[in-house]
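So the chains spell out like this:
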Amino acid sequence: MRLILKILLAPVMLVLAFLIWLCTLTLHISAVLLNVLSVLLVLVSIFSFIDHDVKNGVIELVAAFLLSPYGLPMLGAWFVAQLHLLRDWMKEKVYW
């Protein structure tokens, strides 16, 4: 019974490993791009504050925070970590 389960879950493990690799690559690339955008938004918000446009400056700072490493990239890293945990759990329960 355990051998049949191993055979049936082998393609799932392969797809999961590829998905983890693809998500990690995408996360690294997007983190760099979002960091650059975050810095640009902070600079624009500073100019907005200098121009006495407080409302737009605050909106731009919130957007910069979401694009910073503590915003959307952290959410993506959490998702990739959950995929790793799922794969490790499946490997532990079925293949050991």
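Criteria and cut-off values
Residues numbered from 1 in each chain as written. Predicted model: local features only at pLDDT ≥ 70, side-chain atom pairs only at ≥ 80, totals over all residues. Heavy atoms only, no water. Helix = DSSP H or I, 4+ residues; strand = E, 2+ residues; numbered from the N terminus. Contact = heavy atoms within 4.5 Å. UniProt positions renumbered as here; feature names shortened; annotations may be inferred. Expected span 1.5 Å × (residues − 1). Buried < 20%, exposed > 50% of the residue type's maximum accessible area, 1.4 Å probe, protein only. Lys, Arg positive; Asp, Glu negative; His and termini not counted. Salt bridge = Lys/Arg side-chain N within 4 Å of Asp/Glu carboxyl O. Polar contact = N/O pair within 3.5 Å; in protein donor to acceptor, adjacent residues only side chain to side chain.

- The chain is annotated in an unreviewed UniProt entry as CD1845 family protein of Brotocaccenecus cirricatena.

1. Observations regarding the side chain of S48
Stage number 1. Relative to the helices and strands, S48 is located in helix α1 (residues 2-50).
Stage number 2. Excluding residues that lie within four positions of it along the chain, S48 makes contacts with D53, N56, G57 and E60.

2. Thoughts on the environment of K55
Stage number 1. Here K55 is to be found in helix α2 (residues 54-67).
Stage number 2. For the pair K55 and K93, spaced 38 residues apart in sequence, the C-alpha separation works out to 53 Å.

3. A closer look at the UniProt feature "transmembrane region" (unreviewed entry) in the chain
Stage number 1. Under the present numbering, the feature "transmembrane region" (unreviewed entry) in UniProt falls on residues 7-27, 33-50 and 62-81.
Stage number 2. For the annotated span residues 7-27, helix accounts for 100% and strand for 0% of the residues, and the straight-line distance between the end C-alpha atoms is 31 Å.
Stage number 3. For residues 33-50, the end-to-end C-alpha separation is 26 Å, with 100% helix and 0% strand making up the annotated structure.

4. Here's the deal with helix α3 (residues 72-95)
Stage number 1. For α3, built from 24 residues, the straight-helix expectation of 34 Å at 1.5 Å per residue is met to within 8% by its first-to-last C-alpha distance of 34 Å.
Stage number 2. Within the span of α3, buried status applies to P73, V80, L83, M90 and V94.

5. A look at the side chain of E60
Stage number 1. Within the element layout of this structure, E60 appears in helix α2.
Stage number 2. Salt bridges are absent for the buried E60, whose nearest opposite-charge side chain, K55, sits at 11 Å.
Stage number 3. A polar side-chain atom of E60 sits 3.3 Å from the main-chain amide nitrogen of S45.
Stage number 4. In this view, E60 contacts L41, V44, S45 and S48; residues no more than four positions away in its chain are not counted.

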